[in-house]
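# Coordinate analysis (summary)
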Amino acid sequence: MPARHAPDATLESLWDNEPRTLSELNEIIRKAGPLVPGATQAVLGEGPDHAEIAFVGEQPGDQEDLQGRPFVGPAGKLLTRAMAEIGIDRDAAYLTNAVKHFKFEQRGKRRIHSKPTAGEVKHYRPWLMKELDLVGPKVVVALGGTAVLALTGKQIPIVRARGRAKLAGWNGYVTVHPSYLLRLPDEETKRRGYEEFVADLGRIRDLARADPDTGELEFAAQ
Ligand code: URA
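This report concerns the structure included in the present document. (Residues numbered from 1 in each chain as written. Predicted model: local features only at pLDDT ≥ 70, side-chain atom pairs only at ≥ 80, totals over all residues. Heavy atoms only, no water.)

Its location among the elements puts Thr96 in strand β2 (residues 94-97). In this structure Thr96 comes out as buried when scored by relative accessible area, which is 1%. In contact with Thr96, not counting residues within four places along its chain, are Gly45, Phe55, Val56, Gly57, Phe71, Leu128 and Glu131. (Helix = DSSP H or I, 4+ residues; strand = E, 2+ residues; numbered from the N terminus. Buried < 20%, exposed > 50% of the residue type's maximum accessible area, 1.4 Å probe, protein only. Contact = heavy atoms within 4.5 Å.)

What follows deals with empty space enclosed by the protein. In total, this model carries one cavity of 30 Å³ or more according to the counting rule given. Split by residue class, the lining of the largest cavity holds six nonpolar, two polar and two charged. (1 Å grid on protein atoms, 1.4 Å probe; cavity = no way out; pocket = protein on both sides within 12 Å on 5 of 7 lines; lining within 4 Å. Points joined across faces, edges and corners; volume = space filled by probe spheres on them. Nonpolar A, V, L, I, M, F, W, Y, C, P; charged D, E, K, R; others polar.)

Two elements, strand β3 (residues 104-107) and strand β4 (residues 110-113), share four bridges in a ladder whose sense is antiparallel. The partner of Arg107 across the bridge, within β4, is Arg110. Between the antiparallel neighbours β3 and β4 lie two residues, among them Gly108 with a positive phi of about 65°. (Pairing = 2+ DSSP bridges.)

This part takes up the layout of surface pockets. The calculated volume of the largest pocket comes to roughly 850 Å³. Lining the largest pocket are 36 residues, and of these Ala75, His177, Ser179, Tyr180 and Arg183 sit closest to its centre. Top contributing element to the lining of the largest pocket by residue count: helix α8 (residues 178-183), with five residues.

Another point: the sheet that holds strand β6 (residues 163-167). The five strands are arranged β2-β1-β5-β7-β6 in an open sheet whose pairing can be described as mixed. Two strands lie at the open edges of the sheet, namely β2 and β6, each paired on one side alone. The mean inter-strand angle of the sheet, taken between neighbouring strand axes irrespective of direction, is 30°. As paired elements, strand β1 (residues 53-57) and strand β5 (residues 139-143) share four bridges and run parallel to each other. When the sheet's bridge partners are listed, Phe55 is paired in β5 with Val141. Strands in contact with helix α5 (residues 118-135) are β1, β2, β5 and β7 (170-175); relative to β2, the strand with the most contacts, it is inclined by about 170°. Running at roughly 130° to β5, helix α6 (residues 145-152) makes contact with β1, β5, β6 and β7 of the sheet. (Axes fitted to C-alpha atoms, helices over the stretch in contact; angles between N-to-C directions.)

Note that every value here comes from positions in space, so none of it alone points to a role or purpose.
Below is the structure:
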């Protein structure tokens, strides 16, 4: 049985008709529209609704906004490659974002990602919490600081938070956002950063295989 997050009493009063399925929730998100105007569409979570691992990113990027799917741009491709390398099947995982709409600054023809404010993260939080409750993953992964903020309400530097963590009641794991790896300054730093990220994904894979009663980890052979 996947671990369930204890329902958050403060969220219960939010819904006139509380969504009972992911598609009901997604319909609400779709209809709500972006908090900050500009996005093409809401980018909803993707993956089976009883996925063992749920990855939470920051917000959709340019490609995600156009295609209407999470993690399909450059950072998403890096994440997908690292998952495949360590034996996490992307199609069996659940991928979503703290914020469901792309926010950007237009510079000429380019749309440059603009980081969501703490207020925007808070606005989207009830949807994220409900979404994770409906998925019921064994492990929730926070990719980067915005995901940590969304899940814990706290701004914590990733260097301090990295590793296993309780995230809003779920068994969780904090690691860097894949776009951070793309921004590292040189090839050697990028290579090391990527290796550490893949090692984190290996620990996440093992956590998802842990015995639900004892919490004992079953480490995969290296
Ligand atoms: N970055 C994110 O945080 N999420 C996406 O879906 C794509 C890039």
